[in-house]
Amino acid sequence: MAQPAPDTAPAPAPRHIAIIMDGNGRWAKLRSRPRTFGHAEGVEALRRTVEAAGDLGVEYLTVFGFSTENWRRPIEEVNALFDLLRLYVARDLDRLVREGVRVRIIGERNGLQADIASIINDAEARTRHNDKLNLIIAFNYGGQDELARAARRAAEDAVAGKIAPADINPDTFAKYLDTADMPPPDLLIRTSGELRLSNFMLWQAAYTELVFVDVLWPDFNKDALQSAIAEYHRRERRFGGSDPAKP
Ligand code: FPP
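Our subject in this report is the structure included herewith. Worth saying up front: this structure is predicted, and the values here are computed from it rather than measured.

Calculation notes
- Residues numbered from 1 in each chain as written.
- Predicted model: local features only at pLDDT ≥ 70, side-chain atom pairs only at ≥ 80, totals over all residues.
- Heavy atoms only, no water.
- Buried < 20%, exposed > 50% of the residue type's maximum accessible area, 1.4 Å probe, protein only.
- Helix = DSSP H or I, 4+ residues; strand = E, 2+ residues; numbered from the N terminus.
- Pairing = 2+ DSSP bridges.
- Axes fitted to C-alpha atoms, helices over the stretch in contact; angles between N-to-C directions.
- Contact = heavy atoms within 4.5 Å.
- Expected span 1.5 Å × (residues − 1).
- Bend = angle between axes of the 7 residues up to and from the residue.
- Polar contact = N/O pair within 3.5 Å; in protein donor to acceptor, adjacent residues only side chain to side chain.
- Near = heavy atom within 4 Å.
- Areas by Shrake-Rupley, 256 points an atom, 1.4 Å probe, with all protein chains shown as cover.
- Arc of directions from axis to C-beta.
- Parallel < 35°, antiparallel > 145°, perpendicular 65-115°, else oblique.
- Left-handed = near helix turned anticlockwise from the far one by under 90°.

## Regarding unusual backbone geometry
Here comes step 1: Although it is not a glycine, Asn199 adopts a positive phi angle of roughly 70°.
Here comes step 2: Relative accessible area serves as the criterion here: at 13%, Asn199 is assigned to the buried category.
Here comes step 3: Even without glycine at this site, Met201 takes up a positive phi of about 45°.
Here comes step 4: Of note, Met201 is situated in the loop between strand E5 (187-190) and strand E6 (209-212).

Okay, structure coming up:
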């Protein structure tokens, strides 16, 4: 049966959505399976979400794949997370290239295994000219680490005379971040009910709307994404001012 036409067009998706994909371990535990099984299902949720974000017209989707603190996990789990990046790129890169997705990685690249570094470089190079959706994978990423690396580079430029210390301000400093040419996230979603930023996009999330959902990441889907977007549209963004939606 035909659906009645809605009174108004659906609100447009936010330009940039960031996601902390949390709850893989608990999802696996509920099924008496190893944590790595939950991470593998997490990749399926990621694939669904990339497709849904593209359908909804999102321009930037940033996901937290591996944090600088995740090195504290057992080595088997760390290796499994690296294997999932390898698997995801091996399975999906051709499709991402075809579908106009530009892949970018943020995080510390020094110290990553050589094959991971070349997978990252290849994914970025092959999708460089795409512009439908920017998929930004935060890998070996920590907000404090990113800020420290940015401060180090700014200090090096100051010592080299390329920038005067007095010219360092939020606009010039942001250019030293891994996200230099990206807009800040409008909406940050964290799954699994945890209410923390966990060192994710500390600078960029200054005025981001935070939406915490109870769904465990492997169960995340287009409906869950649309509910989070609907919640975002119920918020009034003031950016520290008194007028809504005036950056
Ligand atoms: C948090 O769940 C999730 C992670 C630390 C990893 C997220 C990774 C994926 C979804 C795999 C896809 C990644 C790439 C880069 C392709 P948790 O293990 O902390 O879950 P828990 O809090 O229930 O233990």
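## Thoughts on the sheet that holds strand E3 (residues 101-106)
Hydrogen bonds between backbone atoms are what pair the strands of a sheet, whose relative direction is either parallel or antiparallel.
Here comes step 1: Here we have six strands laid out as an open sheet, ordered E3-E4-E2-E1-E5-E6, and parallel in their pairing. Each edge of the sheet is formed by a strand with only one pairing partner; in this case those strands are E3 and E6. When the angles between neighbouring strand axes are averaged without regard to direction, this sheet yields 20°.
Here comes step 2: In the sheet, strand E1 (residues 16-20) pairs with strand E2 (residues 60-67) via four bridges, with the strands oriented parallel. The residue bridging Ile19 from the neighbouring strand is Val63, located in E2.
Here comes step 3: The strands touched by helix H4 (residues 114-126) are E3 and strand E4 (133-141); relative to E3, the strand with the most contacts, the crossing angle is about 145°.

## Some thoughts on helix H3 (residues 75-98)
Here comes step 1: Under the 1.5 Å per step criterion, the end-to-end length of H3 is 35 Å for 24 residues, consistent within 8% with the ideal 34 Å.
Here comes step 2: At Asp92, H3 shows its largest bend, some 55°.
Here comes step 3: Those residues of H3 that sit buried are Glu77, Val78, Ala80, Leu81, Phe82, Leu84, Leu85, Tyr88, Val89, Asp92, Leu93 and Leu96.
Here comes step 4: Remark: Gly100 follows H3 within two positions and exhibits a positive phi of approximately 85°.

## Digging into the side chain of Glu77
Here comes step 1: Its location among the elements puts Glu77 in helix H3.
Here comes step 2: For Glu77, a relative accessible area of 6% translates into the label buried.
Here comes step 3: Among the polar contacts listed, one links the side chain of Glu77 to the side chain of Arg35, at a separation of 2.9 Å.
Here comes step 4: Excluding residues within four positions of it along the chain, Glu77 makes contact with Arg35, Thr36 and His39.

## Some words on the site of the ligand
Here comes step 1: Residues in close proximity to the ligand total 20 residues, the closest being Met21, Gly25, Arg26, Arg35 and Arg73.
Here comes step 2: Between the ligand and the protein, one listed contact pairs an oxygen atom with a backbone N or O atom of Asn24 at 3.2 Å.
Here comes step 3: In the model, an oxygen atom of the ligand is placed 2.9 Å from a nitrogen or oxygen of the Arg73 side chain.
Here comes step 4: Look at the ligand: alone it shows 620 Å² of surface, and the protein chains cover 92% of it.
Here comes step 5: Elements supplying a minimum of two residues to the shell around the ligand: helix H1 (24-30), helix H2 (35-56), H3 and E4.

## Structural notes on the pairing of E4
Here comes step 1: The buried count for E4 comes to nine of nine residues, which makes it a mostly enclosed element.
Here comes step 2: Pairing geometry for E2 and E4, over seven bridges, is parallel. Bridging across to E4, Phe64 finds its partner in Ala138.

## Some thoughts on helix H5 (residues 143-159)
Here comes step 1: The end-to-end C-alpha distance of H5, which contains 17 residues, comes to 24 Å, matching closely the 24 Å that a straight helix rising 1.5 Å per residue would cover.
Here comes step 2: Along H5, the residues that are buried comprise Gly143, Glu146, Arg149, Ala150, Ala154 and Asp157. The arc that holds every buried residue of H5, seen down its axis, measures 135°, which confines them to one face. Opposite the buried face of H5, at more than 90 degrees from it, the exposed residues are Gln144 and Val159.
Here comes step 3: Gly161 occupies a position one or two residues after H5 and carries a positive phi of about 80°.

## Concerning the pairing of E6
Here comes step 1: Covered by surrounding structure in E6 are Glu209 and Val211 only, the residues Leu210 and Phe212 on the alternate face being uncovered.
Here comes step 2: In terms of strand pairing, E5 meets E6 through four bridges, oriented parallel. Bridge pairing links Leu188 to Leu210 in E6.

## Quick look at the packing of H2 against helix H7 (residues 222-234)
Here comes step 1: Two elements in contact, H2 and H7, have axes separated by 9 Å at closest approach and are oriented at 50°. By the criterion of interaxial angle, the relationship of H2 to H7 is oblique. Between H2 and H7 lies a crossing of right-handed hand. For the pair H2 and H7, contact is made by Thr49, Ala52, Ala53, Asp55 and Leu56 and by Lys222, Leu225, Gln226 and Ile229, respectively.

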